[in-house]
Structure formats: C-alpha cells, structure tokens
Amino acid sequence: MKPNIKTISRLTGFSPATVSNALNNKRGVNRATAEKIFQTAREVGYFDGLKIQRIRLVVYQADGSVVNDSPFFSRLMAGVEAECRRQNLEAVTCHLQKNDPEYHARLTELLEDSSSALLVLATEMDADEAAKFQRALAPVVILDSWFEELEFNAVLIDNTDAAYRAVSYLIERGHTRIGHLRGKMQIKNFYYRRQGYLRAMTEQGLQPDPKYTFSLSTGMESACADMARLLAQQPELPTAFFADNDMIALGAMRALAQAGVQAPQQVSIVGFDDLPFCAISSPPLTTVRVYNYEMGQAAVRRLMEIAGDENSYRTKTQVASSFICRDSVRDIRGI
C-alpha cells in the first residue's frame with residue numbers, strides 16, 4: 001500500500017494536519033519539523049509516482065550581469081512557454097536572486113515542492129549553488145550550463161565546438177594574431193568558449209598572446225566603456241577578435257570606431273549568440289547563431305521524460321549552433 005499522510009504522522013509523531021501543512025509548504029511549520037517530515041516522506045516513498053502539475057522555470061541570477069532582459073533570454077523563455085502550452089502544462093517563472101534577503105527561503109520552497117518539476121536557468125550559477133538542487137523532490141533539468149562534478153540532466157549550447165568553428169573561420173581568412181574579448185563575469189559558457197578559442201589556435205600552431213585578451217563587462221554599454229578605457233592606453237591590437245557574446249562584440253566595436261579603429265578594415269570581430277540587431281549593426285556582425293528557442297523546448301521535453309521515469313538515465317544535450325557570416329571579418333590572405 002502506498003504510504004500516505006497518516007503513515008508519515010505515525011512514524012514522525014506529528015499530527016496529520018502538521019504533516020499535511022509541511023508537505024504542502026504552508027506556513028506555521030518550523031524548519032526542523034518540516035525537515036523531519038520531508039526526510040521520512042522520502043524514506044517511505046511518499047513522493048514516488050506523484051504527478052507533476054506544473055513546470056517552474058527558475059531564473060537564477062548571481063548579479064544579473066549576464067542573465068537579463070536581452071533578446072537571448074527572452075527567446076529562450078519563449079521556447080519553454082511554447083512547449084509547456086503544447087503539452088498542456090502550467091508554466092511558472094520564478095526569479096531567484098542570490099543577493100535577495102529571502103533567497104534561502106525561496107530556494108527551500110522550490111526544493112520542497114514535489115508537484116512542480118524544475119527547469120533551472122543556470123547561466124550565472126556556480127557548482128556550489130547548483131548542488132543544492134540535487135535535494136529537490138521533483139525532477140530537475142539544468143538549462144544553459146553544465147557541471148562535470150554534479151549529476152544532472154542538462155540542455156546547453158555547444159560552446160566549445162561553436163567557438164572553435166568561429167576562431168577557425170578567422171584563421172582560414174589569414175588571421176594569426178587573434179585576440180579574445182572575454183566577459184568579466186566568468187560563467188561556465190564563457191569558460192567553454194575559451195577552450196574552443198584555445199583549441200583552434202593551438203591546432204594551427206598559433207600561440208595565443210595574453211596581451212590580446214581584453215576583459216570586458218557583458219553589457220553593450222558597459223563593454224563599450226571598458227574597451228574605451230583600454231584603448232586610451234594605446235595597446236597593440238590583433239588583426240581579429242573573438243568575443244564571448246554579441247553584447248561584448250558590439251560594445252567593443254563601437255569603442256573601436258570612436259577611437260578611429262575601423263572594423264573590419266583594421267580589426268575583424270566575431271561575436272556569439274546572433275542577437276536580432278547583429279544583422280543591422282555597422283558593420284553587420286559575423287557571429288554564432290544559438291538556437292535558444294529550441295533549447296527551451298528541448299529542456300521541457302527532457303523534463304517530462306524524466307518525470308515519467310524516475311530511473312531514467314541522465315543526458316547532456318548540446319544544441320548545435322550555426323555560424324553566420326556577415327561583414328565584420330576581413331579576408332587578409334595574400335595581403
């Protein structure tokens with residue numbers, strides 16, 4: 001017989017009303033009592049086979065410098081919502097901010113809700129924070145990040161391969177002095193893009209020069225301001241840059257133009273994401289197109305697969321990107 005509230009009440013010594021309030025995350029149950037009730041419920045299999053009623057898209061922000069209202073994340077969330085509608089699921093977006101005084105209370109509420117599967121947008125999340133979601137009562141899928149040391153299902157960008165293709169494109173067009181415009185906040189995505197940049201360089205016998213790596217803020221305006229300050233020091237510039245994202249690329253390109261350095265005539269630039277305004281920038285930006293809408297859809301589908309099979313194997317799904325050639329890269333072969 002499947003264990004019920006009366007079973008847990010008998011095992012814990014708490015009244016059925018207290019057990020019910022704790023399991024439904026109602027106020028009035030102290031933390032120690034709730035933890036004992038949840039631990040007992042897990043041990044007796046109370047949560048096994050419970051039907052998922054909704055999906056909670058947890059938008060985690062460490063400081064919000066990367067995850068914001070940019071078209072990239074709006075499009076990704078639209079994909080999540082569209083797939084939820086297709087499967088007749090309720091979709092609820094929850095913002096979880098690390099510096100919020102209520103952070104731990106909100107996190108506990110999410111982890112102890114057995115009726116809501118969790119889709120965690122972990123772009124700004126580190127491994128320590130991600131590990132807390134291993135205690136969740138409902139199924140979890142990590143979106144837009146990956147943690148080698150943790151056991152999660154995840155859907156993410158093919159960061160390393162995409163960056164490798166982008167830098168290889170620059171090399172094919174004669175560039176050997178290729179710099180890297182790095183995001184100051186070193187999220188996992190940027191780490192893996194760095195690996196792709198380094199792999200493309202070393203495979204062609206090129207030595208990445210640290211003086212061509214510039215660290216910039218991740219917003220367009222802030223990246224422009226950072227780049228302007230660096231250019232004021234009159235550094236030696238490479239013939240091309242690979243940027244961690246389009247915001248950085250476009251901000252840097254504007255700062256270069258303001259300093260009298262033209263792209264692509266003097267410096268070529270490749271971005272990453274293919275945000276809508278890349279096609280109308282001056283010059284139009286060569287970049288990596290990320291299928292963020294489709295990532296959102298795929299994450300919902302995977303979440304529902306594991307919700308229906310508690311013994312399901314884990315998967316790391318990398319959604320392949322495309323390379324978009326525009327006018328921000330100059331071919332310098334033979335020059």
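Refer to the structure printed above.
On a predicted model such as this, the values are computed, not experimentally measured, just so you know. Starting from 1, residues in each chain are numbered consecutively following that chain's sequence as written. Under the rules for a predicted model, residues below a pLDDT of 70 receive no local features and side-chain atom pairs below 80 are neither given nor counted, while totals for whole chains, interfaces and linings still include all residues. Excluding hydrogens and water, the side-chain values take into account all heavy atoms of the structure.

Novice: How would you explain the sheet that holds strand β7 (residues 213-216) if you had to name every residue and give the values?
Specialist: For two strands to count as paired, DSSP must find a minimum of two bridges between them. In this description a helix means any DSSP run of H or I spanning at least four residues, a strand means any run of E spanning at least two, and both kinds are numbered starting from the N terminus. Spatially, β7-β6-β8-β9 is the arrangement adopted by the four strands of the open sheet, whose pairing is parallel. Of all the strands in the sheet, the pair left with one neighbour each is β7 and β9 (268-270). Between one strand axis and the next, the sheet turns through 20° on average, direction left out of account. Here a residue-residue contact requires only that any non-hydrogen atoms of the pair lie within 4.5 Å. Between N-to-C directions, angles span 0 to 180 degrees; the directions come from axes that are lines fitted to C-alpha atoms, helices contributing only their stretch in contact. Sheet contacts for helix α7 (residues 159-172): β6 (178-183), β8 (240-243) and β9; angle to β8, the most-contacted strand, approximately 170°.

Novice: Explain the nonpolar core to me, and be specific about the residues and the numbers.
Specialist: Counting residues in each nonpolar core, the largest one holds 75 residues, and the members touching the most others are Leu119, Leu143, Leu181 and Met227. When residues in this core are grouped by element, the largest group, eight residues, is from helix α10 (residues 246-258). Ignoring sequence-local partners within four residues, the contact set of Leu119 consists of Ile55, Arg56, Leu57, Val58, Val80, Val141, Leu143, Ala299, Val300 and Leu303. The nonpolar core is taken to be a set of buried Ala, Val, Leu, Ile, Met, Phe, Trp, Tyr and Cys residues, with the residues joined through side-chain atoms within 4.5 Å. Residue burial is assigned from relative accessible area. The probe radius is 1.4 Å, only protein chains are included, and a residue is buried under 20% of its type maximum, exposed over 50%, and partly exposed in between. By size, the runner-up hydrophobic cluster in this structure holds 25 residues, among which are Tyr103, Ala130, Phe147 and Tyr192.

Novice: Can you break down the pairing of strand β4 (residues 140-143) residue by residue, with the values?
Specialist: Residues Val140 and Ile142 point to one face of β4 and Val141 and Leu143 to the other, with burial holding for every one of them. Pairing geometry for strand β3 (residues 116-121) and β4, over four bridges, is parallel. In the sheet register, Val120 faces β4, and the bridge partner there is Ile142. Here β4 pairs with strand β5 (residues 153-157) via three bridges, running parallel. Within β5, the position partnered with Val141 by the bridge is Asn153.

Novice: How would you explain the environment of Gln134 if you had to name every residue and give the values?
Specialist: Turning to its location among the elements, Gln134 is positioned in the loop between α6 (127-131) and β4. Measuring from C-alpha to C-alpha, the distance between Gln134 and Phe152 comes to 7.9 Å, with 18 residues separating the pair along the chain. In this structure Gln134 touches Leu150, Glu151 and Phe152, once residues within four positions along its chain are discounted.

Novice: With reference to specific residues and values, describe the pattern of salt bridges.
Specialist: Opposite charge on two side chains makes pairing possible when the charged atoms of those side chains draw close. In what follows, salt bridge is the name for a side-chain nitrogen of Lys or Arg lying within 4 Å of a carboxyl oxygen of Asp or Glu. Applying the stated criterion across every chain yields a total of 24 salt bridges. Here Glu172 makes a salt bridge to Arg173, at a shortest N to O gap of 3.5 Å. For Glu172, a relative accessible area of 47% gives the class partly exposed. Its salt-bridge partner being Lys184, residue Asp226 comes within 3.3 Å of it at the nearest N-O pair. With Asp226 in helix α9 (residues 220-231) and Lys184 in the loop between β6 and α8 (188-203), the pair connects residues that are 42 residues apart, well separated along the chain. Classification of Asp226 as buried rests on a relative accessible area of 6%. Taken together, the shared-partner salt bridges in this structure form one network comprising Arg54, Arg56, Glu90, Glu109 and Asp113.

Novice: With reference to specific residues and values, describe helix α3 (residues 31-44).
Specialist: With 14 residues, α3 should cover 20 Å at 1.5 Å per step; its first-to-last C-alpha distance of 20 Å lies within 8% of that length. Among all positions of α3, only Thr33, Ala34, Ile37, Phe38, Thr40 and Ala41 are buried. Projected down its long axis, α3 carries its buried residues within an arc of 160°, all on one side. The outward face of α3, more than 90 degrees from its buried face, is lined by the exposed residues Arg31, Ala32 and Glu43. Two residues or fewer after α3 comes Gly45, characterised by a positive phi angle close to 80°. To estimate the expected span of a helix, count its residues, drop one, and scale the result by 1.5 Å. The directions from the helix axis to the C-beta atoms are what the arc is built from.

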